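Letter by letter, the chains look like this.
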Amino acid sequence: MTERHILRIHFHLPDTSDADVYERLVEQLHGISPRTQALPPADADCDVTGALRYYGRTPYELAQLIQLRALALYGIATTIGSAGNRMLAAMAADATAPGGISHLDNSPEAIAGFLRPRPIGALYGVGPATANLLARHGLHTIGTAADTPPGTLQRLLGKTHGRLLHERARGIDDRSVVPQATARSCSADHVFDRDELDPDRHRQALLGLTEHLGTILRTERQIVRRLTLTVRYADRTATVRTRTLTEPTHHTAALTRAAYDIYATLGLQRARVRGIALRAEDLQPAERATTQLTFDPGDDKRRRIEAAADKARARFGPAAVIPATTAIPGTPGPCRSYE
């Protein structure tokens, strides 16, 4: 079987960057390898297995070429992880200093040496709630999870999740890089002035993000079918959760409820949160929206207030009307749309 070589590229896009910049950066990657998968708003996976012979370079040297092109053509710095599969490449990138390159050799010894000492929460797909559950059963590192019988993990986490965690703890990830263009989406993010432990402040930030996204979606007459929440922690790890909405919408109240529900599933206990990002995915024209009938007069009132606020923002600017509870340090990053 051919040995795979995957690069995870993180583009350090400034908050003021245009969405077209990210699209052009991904196009640059397609020029190096057609097996490139966009991961908006700022990442991409690139399978360079077939490009190594063509360019006569090692994976590390191809990563250097990508960094050079992104910096020379667009002034964008990049952080890159290189490994034999997508999970390891992503984890290598997460463990790399900003602007650096980390290459993980495909040998079992190198993979074990990289994975085994790391905390269980650093394993791809393990959020704080799962990490706390495993820690209560003495599984503090990835190595201890790899040594635990699959049946034990399945009893703790369920059949599918337990099996998947056991495979990933041993460095196994069979996912392929799926060539695709950037998806139609819209995102906003909030970076705290300091690592934030207070869940109330987390929810305040989420409210600001849903308010921001809702305003943009209504202005562009778009509705959203999926929300993806990304929580970044002080140790540079992150948790990502996606939820498909029961009813596509662009109303802030519905977006806020969904975002709060996703946040609640993370079970954060004294987590040091550095930033929160929310992405609205699978955008569609608002004309396709279907609204379930309700006898709640409060819902009609909220929508009238929302419409009035939108008119005020259109006339006096986006900061003309904001929820009082979002008046916290830091502001959401710009909404980015991808065609």
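Structural notes, computed from the coordinates. The structure displayed is predicted, hence computed values, not measured ones.

**Describing helix α4 (residues 86–94)**
The element α4 is extensively covered by neighbouring structure, given that 8 of its 9 residues are classed as buried. All of the buried residues along α4 are R86, M87, L88, A89, A90, M91, A92 and A93. In this structure N85 caps α4, since a side-chain oxygen of it lies 3.2 Å from the backbone nitrogen of M87.

**Comments concerning the pattern of salt bridges**
Here the structure, examined in full by the defined rule, presents 16 salt bridges. The closest approach of N and O atoms between R163 and E167, which form a salt bridge, is 3.5 Å. Pair noted here: R163 and E167 are both in helix α9 (residues 159–169), with a separation of 4 residues, about one helical turn. The partly exposed category is assigned to R163, whose relative accessible area is 40%.

**Some thoughts on empty space enclosed by the protein**
Considering all chains together, one arrives at 1 cavity of 30 Å³ or more under this definition. There is about 70 Å³ of room inside the largest cavity. Around the largest cavity, the lining residues are F11, L25, Q28, L29, I32, I66, R69, A70 and Y74. Elements with a minimum of two residues in the lining of the largest cavity: α1 (19–32) and α3 (59–74). Class assignment of the residues belonging to the lining of the largest cavity gives a composition of 7 nonpolar, 1 polar and 1 charged.

**A few points about the packing of α4 against helix α5 (residues 108–115)**
Remark: α4 packs on α5, axes separated minimally by 12 Å, with the N-to-C direction vectors making an angle of 50 degrees. In terms of their interaxial angle, α4 and α5 are classed as oblique. As for the relative orientation of α4 and α5, their crossing is left-handed in sense. On α5, the residues that touch L88, M91 and A92 of α4 are I111, F114 and L115. In terms of residue class, the contact of α4 with α5 is built from 6 nonpolar, no polar and no charged.

Rules used throughout
Residues numbered from 1 in each chain as written. Predicted model: local features only at pLDDT ≥ 70, side-chain atom pairs only at ≥ 80, totals over all residues. Heavy atoms only, no water. Buried < 20%, exposed > 50% of the residue type's maximum accessible area, 1.4 Å probe, protein only. Helix = DSSP H or I, 4+ residues; strand = E, 2+ residues; numbered from the N terminus. Polar contact = N/O pair within 3.5 Å; in protein donor to acceptor, adjacent residues only side chain to side chain. Salt bridge = Lys/Arg side-chain N within 4 Å of Asp/Glu carboxyl O. 1 Å grid on protein atoms, 1.4 Å probe; cavity = no way out; pocket = protein on both sides within 12 Å on 5 of 7 lines; lining within 4 Å. Points joined across faces, edges and corners; volume = space filled by probe spheres on them. Nonpolar A, V, L, I, M, F, W, Y, C, P; charged D, E, K, R; others polar. Axes fitted to C-alpha atoms, helices over the stretch in contact; angles between N-to-C directions. Parallel < 35°, antiparallel > 145°, perpendicular 65-115°, else oblique. Left-handed = near helix turned anticlockwise from the far one by under 90°. Contact = heavy atoms within 4.5 Å.

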